[in-house]
Structures are given as structure tokens and as C-alpha cells.
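Below are the chains, spelled out letter by letter.
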Amino acid sequence: MLTVGVLGCGLMGSGIAQVCAQAGHRTVVREVDEALVEKGLGRIRAFLDAGVARGKTTPAARDATLANLTGTTDVADVADADVVVEAIVENLDAKREMLAALERVVRPDALIASNTSSLCITEMAASMEHPERFLGLHFFSPVPVMKLVEVIRGLATGDDAYRRGMDFAATLGKDPVTAPDRPGFIVNRLLIPYLLDAIRAYESGVGTIEDIDKGMQMGCGHPMGPFTLLDFVGLDTTYYIANIMYEEFRDPQYAAPPLLRRMVAAGRLGRKSGRGFYTY
Ligand code: 3HC
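Note that the structure is a prediction, hence the values are computed from the model and not measured.

Asks: Could you give an account of the domain arrangement of the protein chain, with specific residues and numbers?
Replies: One can read the domain layout of the protein chain as domain 1 (3-179) and domain 2 (188-272). Across the boundary between the two partners, domain 1 contributes eight residues, which contact five residues of domain 2. Here domain 1 packs against domain 2, burying approximately 530 Å² in sum over the two surfaces, 58% of which is carbon and sulfur. The largest share of the area that domain 1 buries against domain 2 comes from Glu90, Ser117 and Ser118, three residues that together contribute 55% of it. Viewed at the interface, domain 2 and domain 1 are joined by zero salt bridges. Connecting domain 1 to domain 2 are one residue pair in polar contact (both at pLDDT 80 or more). Across the side of domain 1 that touches domain 2, the residue classes tally to two nonpolar, five polar and one charged.

So, in C-alpha cells, the structure goes:
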């Protein structure tokens, strides 16, 4: 059993905190204010309750998970963590500030990981005092369901941190893969151009949104078609990652299609805003 700190209790942070607590780790999850702590913990409770209702978990296992979880607004409360996973907003400056605050309070031997989906691990580590103990651990949504974790070594990540990162992912029941510190790592490197291409296909009249989704779902066995997945991931998130990939590679396959940019501008962000390619 480890002590784990999770910074951020949004969609990803709450999922990460849940799987840590479920694995038996004493887990402290930090958000900026009480309302966000409560919202994040509420999301975890709802997922666990739904799991009980569906017979996926037992009331005793749910209660054991919740007993391993503590919410806080104070970074100092993760001071005795063996592992800290950062899952705050995707913004380099905010993450660097968070890492600096973290390094002031954590033990010197604590492993520090970021769940970034798009930022450069080496760049995030550059302002750290001990970049050798820092790496990327990229989880997938919904975190309690998706088995994959990408383990990303920055230029400064030490061998020990890399091994601990792989081992930690395994303690969560995840199946880790090693991914390069390049925009998109492995999965988004392939997924984002696919999603962008689906929008281009729609824009050029290949089919309706429903038919393109049905095509990929029924024809290729994908659990969701591209537009359902875009709404699920968030159009703003997709747009943000695409722009970072385009910035780095200057390859048109990563360029956001006009419709995506306009939908983000109009606030049609997918499930989170109630409307994306579909209405919720
Ligand atoms: N408790 C326990 N298990 C639960 C659960 C709960 N409350 N809710 C769902 N599950 C599990 C169940 O084990 C279920 O498995 P089963 O088939 O054995 O019953 C499985 O989740 C599927 O659940 P449902 O049947 O309720 O729902 P769906 O079949 O509609 O699946 C989904 C939902 C898992 C989201 C599926 O549609 C899916 O896999 N979609 C694709 C998700 C995806 O691609 N994610 C990656 C996004 S990219 C990303 O995250 C990277 C980022 O950087 C952008």
C-alpha cells in the first residue's frame, strides 16, 4: 500500500484518485476549493454507486475505496506521498507552478508524474529542482474503465523513476506502455488525426454524422464512432491537442478543420456543455 497524492479532481483527476483508492492506496486528492473537492468526490461516489447497482462492485468494496480517499484544498496534505500524480488544467505555466509548490512540500524520494495529454514532459521538468524523478503517466477516459496508461520519459527522467512509474501503473491494475515524449505520445498521435479526418469527411459530404459514426462502430467494432468520441473527449480538448501537435510537426494532418474551430468558438464542446455534434 502506497500513499498517493492526486492534484486536480476534475474528470481525469477524480478517475485517477478512484483507481488509486480502489487499488488500496491511501489517496489524498487536492482541488483549489471545497466546492471542486466535493464535486470531484461526488463523481467518484456516483461511479461507485452505479458500479454497485450494476453488480460490478460490492457495497463493501465501494466503502473500502471511499475510506481510502481524502479530499483537500492544501497541497501540503500530500507531503508524505510516495507518488503524486498531477492532473490539473492543461496549461504549462499552471503545471510548472504546481510542480514548484509540490517540490517544496514532498519527500525527496517521492515520484512525481503528470497526466498531461499534450504538453512536453521535458519542458515541464525543466523548471524542476529534481527532474530525474518526474515522468508522464497518461490515463484514458473513463479512467476506471480504460486499462491503458502511457508511461512517458522526458530527457531528464531517471531509470528509477521510469521503473517506479511502470510498477505504479501495474498496482492500479493498468497495462502500461512506454511512449515517447512527442506530442500525442502514442494514442493521441493516432487518434487525433483520425478524429480530425472524420470532421473533414463530414465537411466534404462523405456522410451524415450518424452514418459516419455508425460506419466506424458497426464496421470496425469501435465502441464509439468518431463524433460520439469527439463529444466524449471534448471538442476544446481535441482542438487544444491538435494545435499543439500542429505547432510541433507542421503537418496538415494535425491542422484543426474549420468546423472544429467554429464549434469550439460557439461553446459546443460536447457532452460537458450539453451540445457538440450531438445534443445531450
Ligand atoms: N462501475 C464499474 N464498471 C463500470 C461502470 C461502473 N460504474 N460503468 C461502466 N463500467 C464498465 C463496465 O465494466 C462495462 O464493462 P462490461 O461490458 O463488462 O459491462 C464497461 O465499463 C462499459 O460500460 P457500459 O456498458 O455502461 O457503457 P458502454 O458500453 O456504453 O461503454 C465506454 C462506455 C467505456 C465509455 C465505451 O463507450 C468506450 O470504450 N468508449 C471509448 C472511450 C475512449 O476511446 N476513451 C479514450 C478517449 S482518449 C483519451 O482519454 C485521451 C485524452 O488525452 C484525450
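So that's the structure; there's more coming.
Asks: Describe the packing of aromatic side chains, listing the residues and the values that go with them.
Replies: By the definition in use, this model includes three aromatic pairs. Centre to centre, the rings of Tyr202 and Phe227 are 6.0 Å apart; their planes meet at 70°, and the pair counts as edge-to-face. On the criterion of sequence distance, the pair formed by Tyr202 in helix α7 (residues 187-203) and Phe227 in helix α9 (residues 226-233) is long-range, its members being 25 residues apart. The class for Phe227 is buried, based on a relative accessible area of 0%. Ring centres of Phe227 and Phe277 lie 4.7 Å apart, and the angle between their planes is 65°; this geometry places the pair in the edge-to-face category. In this pair, Phe227 is assigned in helix α9 and Phe277 in the segment after α11 (258-265), connecting sequence segments 50 residues apart. An aromatic cluster of three or more residues is present, and its members are Tyr202, Phe227 and Phe277.

Asks: Got a sec to walk through the side chain of Lys174? Specific residues and values, please.
Replies: Relative to the helices and strands, Lys174 resides in the loop between α6 (159-171) and β8 (175-179). For Lys174, which is buried and forms no salt bridge, the nearest opposite charge comes from Asp175, at a distance of 10 Å. Polar side-chain contacts of Lys174 include one of 2.5 Å to the backbone oxygen of Val143. Not counting chain neighbours up to four residues away, the residues in contact with Lys174 comprise Val19, Phe139, Val143, Pro144, Met146, Lys147, Val149 and Ala169.

Asks: Now, about the site of the ligand: what can you tell me, with residues and values included?
Replies: Taken together, 18 residues form the shell around the ligand, and within it Phe47, Arg54, Lys56, His138 and Ser141 come nearest. In this structure, a nitrogen atom belonging to the ligand sits 2.7 Å away from a main-chain N or O atom of Ser141. Within the side chain of Asn188, a nitrogen or oxygen atom sits 3.0 Å from an oxygen atom of the ligand. Summarising the interface, the protein chains cover 64% of the accessible area of the ligand, which totals 1,100 Å² for the free molecule. Of all the secondary structure elements, the ones that give two or more residues to the shell around the ligand are α2 (34-53), α7 and α9. Residues that form the shell around the ligand fall into these classes: 11 nonpolar, five polar and two charged. Taken domain by domain, the shell around the ligand gets at least three of its residues from each of domain 1 (3-179) and domain 2 (188-272).

Asks: Can you tell me about helix α8 (residues 209-220), naming the residues and giving the values?
Replies: The first and last C-alpha atoms of α8 sit 16 Å apart over 12 residues, in line with the 16 Å expected at 1.5 Å per residue. Buried positions along α8 lie against α7 and α9. Backbone geometry just after α8 places Gly221 at a positive phi near 70°.

Asks: Just give me the short version of helix α4 (residues 92-105), but keep the residues and values in it.
Replies: The α-helix winds at 3.6 residues per turn, so residues separated by three or four positions along the chain end up facing the same way. With 14 residues, α4 should cover 20 Å at 1.5 Å per step; its first-to-last C-alpha distance of 20 Å lies within 8% of that length. All of the buried residues in α4 are Leu92, Lys95, Met98, Leu99, Ala101, Leu102 and Glu103. Looking at the buried side of α4, the elements it contacts are β1 (3-7), β2 (26-30), β4 (83-86), β5 (111-114), α5 (121-125) and β6 (134-139). Looking at where α4 begins, the residue whose side-chain oxygen comes 3.0 Å from the main-chain nitrogen of Asp93 is Asn91.

Asks: Kindly report on the sheet that holds β6, identifying the contributing residues and their values.
Replies: Reading across from one edge, β3-β2-β1-β4-β5-β6-β7-β8 is the order of the eight strands in this open sheet, with mixed pairing throughout. The open sheet terminates on both sides in strands that have one partner only, identified here as β3 (69-72) and β8. Ignoring strand direction, the axes of neighbouring strands in this sheet form an average angle of 25°. Looking at chain direction, β5 and β6 are connected through three bridges and run parallel. Bridging across to β6, Ile112 finds its partner in Phe134.

Asks: Which residues make up the side chain of Ser117, and what are the values?
Replies: Mapped onto the elements, Ser117 comes out in the loop between β5 and α5. A relative accessible area of 11% places Ser117 in the buried class. Ignoring any residue separated from it by four or fewer positions in sequence, one finds Ser117 in contact with Glu90, His138, Phe185, Asn188 and Ile241.

So, how was this worked out
- Residues numbered from 1 in each chain as written.
- Predicted model: local features only at pLDDT ≥ 70, side-chain atom pairs only at ≥ 80, totals over all residues.
- Heavy atoms only, no water.
- Domains from an automatic or database assignment.
- Contact = heavy atoms within 4.5 Å.
- Buried area = accessible area lost by both parts, 1.4 Å probe.
- Salt bridge = Lys/Arg side-chain N within 4 Å of Asp/Glu carboxyl O.
- Polar contact = N/O pair within 3.5 Å; in protein donor to acceptor, adjacent residues only side chain to side chain.
- Nonpolar A, V, L, I, M, F, W, Y, C, P; charged D, E, K, R; others polar.
- Phe/Tyr/Trp six-rings, centres within 6.5 Å; stacked < 30°, edge-to-face > 60°.
- Helix = DSSP H or I, 4+ residues; strand = E, 2+ residues; numbered from the N terminus.
- Buried < 20%, exposed > 50% of the residue type's maximum accessible area, 1.4 Å probe, protein only.
- Lys, Arg positive; Asp, Glu negative; His and termini not counted.
- Near = heavy atom within 4 Å.
- Areas by Shrake-Rupley, 256 points an atom, 1.4 Å probe, with all protein chains shown as cover.
- Expected span 1.5 Å × (residues − 1).
- Pairing = 2+ DSSP bridges.
- Axes fitted to C-alpha atoms, helices over the stretch in contact; angles between N-to-C directions.

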